[in-house]
Amino acid sequence: EEPHTSEIEQPTTSIDERVKQPFVIGVAGGAASGKTTVCDLIIDQLHDQRVVLVNQDSFYHNLTPEELTKVHECNFDHPDAFDTEQLLCVMEKLKHGQAVDIPKYDFKSYKNDAFPLRRVNPSDVIILEGILIFHDPRVRDLMSMKIFVDTDADVRLARRIRRDTVEKNRDIATVLDQYSKFVKPAFDDFILPTKKYADIIIPRGGDNHVAIDLIVQHIRTKLGQNDLCKIYPNLYVIQSTFQI
Ligand code: ADP
Ligand code: C5P
């Protein structure tokens, strides 16, 4: 005899958990593509909502004393440069409504403990931004919406030269050397292959106001559905049937 199977699919989480979980957005793309700019524009438009930004930079491993003596040989664009276990732990806590303390990375001293920790409170929207946030499937699985900022390599390099010489006090030869040795190969090998996971690809980054307006509209729609669910918990049935 066939084993009895229920025809009605059971939700894997309770209704309470489903309605309370924040909307997690991932914003990936090459270095200096405009990820932070896009996030800031989204956050500006969502000023009436509780939104927090988490940067993958905060999870750079600290260098060993030996590595600190030869930073020019370190690859900061490889997935192993990040402490992904710590990132996962922080995201899990935020997703379940707990406050977390996140390090702020210092690009000048290459340390993640140079500044005081930043307290991040649970929010309705969590934006996770970084070059390699689509690389690990466990991090990807946390996201309800994935955005890839697609900016030409020459524009990214030009912005990087300006940013690293002005803000990080690096000389132009060092920036170009790091770019050809690590940044460009890692973009081709690890970052660009994750573009296929994106739900939305934004050409021209922060200049693309139409894309940003559409994204904000979508987030508002999702948050509105969440509010309805808080009032009418049974709506989750209708929601899951008609989800796009
Ligand atoms: P990412 O977070 O991807 O590294 P940012 O948003 O920080 O990129 O942008 C990198 C640099 O380029 C910054 O110095 C920023 O001011 C500049 N920038 C970003 N978007 C634009 C734009 N549309 N036009 C001009 N400069 C920009
Ligand atoms: O903010 P953005 O996404 O541009 O940050 C990622 C970039 O920061 C990487 O391309 C990496 O090479 C660079 N980086 C660096 N020095 C560090 C850590 C990261 O130049 N100490």
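To be clear, the structure that these remarks concern was listed above.
What counts as what
Residues numbered from 1 in each chain as written. Chains lettered and ligands numbered in written order. Predicted model: local features only at pLDDT ≥ 70, side-chain atom pairs only at ≥ 80, totals over all residues. Heavy atoms only, no water. Phe/Tyr/Trp six-rings, centres within 6.5 Å; stacked < 30°, edge-to-face > 60°. Helix = DSSP H or I, 4+ residues; strand = E, 2+ residues; numbered from the N terminus. Buried < 20%, exposed > 50% of the residue type's maximum accessible area, 1.4 Å probe, protein only. 1 Å grid on protein atoms, 1.4 Å probe; cavity = no way out; pocket = protein on both sides within 12 Å on 5 of 7 lines; lining within 4 Å. Points joined across faces, edges and corners; volume = space filled by probe spheres on them. Nonpolar A, V, L, I, M, F, W, Y, C, P; charged D, E, K, R; others polar. Pairing = 2+ DSSP bridges. Axes fitted to C-alpha atoms, helices over the stretch in contact; angles between N-to-C directions. Contact = heavy atoms within 4.5 Å. Parallel < 35°, antiparallel > 145°, perpendicular 65-115°, else oblique. Left-handed = near helix turned anticlockwise from the far one by under 90°.

**Some remarks on the packing of aromatic side chains**
Here is step 1: Across all of its chains, the model carries five aromatic pairs by this definition.
Here is step 2: Each ring, one from Tyr60 and one from Tyr105, has its centre 4.9 Å from the other, and the planes form 40°; the classification is tilted. In this pair, Tyr60 is assigned in the loop between strand 2 (51-55) and helix 3 (65-68) and Tyr105 in the loop between strand 3 (100-102) and strand 4 (118-120), connecting sequence segments 45 residues apart.
Here is step 3: A relative accessible area of 7% places Tyr60 in the buried class.
Here is step 4: Consider the rings of Phe76 and Tyr110, whose centres lie 5.7 Å apart with planes at 20°: the pair is stacked. Linking Phe76 in the loop between helix 3 and helix 4 (84-95) with Tyr110 in the loop between strand 3 and strand 4, this pair joins segments that are 34 residues apart in sequence.
Here is step 5: Here the aromatic cluster, defined as three or more aromatic residues joined through ring pairs, consists of Tyr60, Phe76, Phe82, Tyr105, Phe107 and Tyr110.

**Concerning the layout of surface pockets**
Here is step 1: If you add up the space inside the largest pocket, you get close to 1,000 Å³.
Here is step 2: What lines the largest pocket is a set of 37 residues, and nearest its centre among them are Thr36, Asp57, Phe107, Arg163 and Lys168.
Here is step 3: For the lining of the largest pocket, the class distribution of residues is 10 nonpolar, 10 polar and 17 charged.

**Concerning the sheet that holds strand 5 (residues 125-129)**
Here is step 1: An order of 2-5-1-6-7 is seen for the five strands of this open sheet, with the pairing classed as parallel. Two strands lie at the open edges of the sheet, namely strand 2 and strand 7 (200-203), each paired on one side alone. Neighbour-to-neighbour, the strand axes of this sheet turn through a mean angle of 20°, independent of strand direction.
Here is step 2: Helix-sheet contacts for helix 4 involve strand 1 (23-29), strand 2 and strand 5, and the interaxial angle to strand 5 is about 165°.

**Side note on the packing of helix 6 (residues 153-166) against helix 7 (residues 172-191)**
Here is step 1: At a minimum axis separation of 11 Å, helix 6 and helix 7 run at an interaxial angle of 140°. Classified by the angle their axes make, helix 6 and helix 7 are oblique. Of the two elements, helix 6 crosses helix 7, and the hand of that crossing is right-handed. Contacts from Ala153, Arg156, Leu157, Arg160, Ile161, Asp164 and Thr165 in helix 6 reach Ile172, Val175, Leu176, Gln178, Tyr179, Val183 and Phe187 in helix 7.

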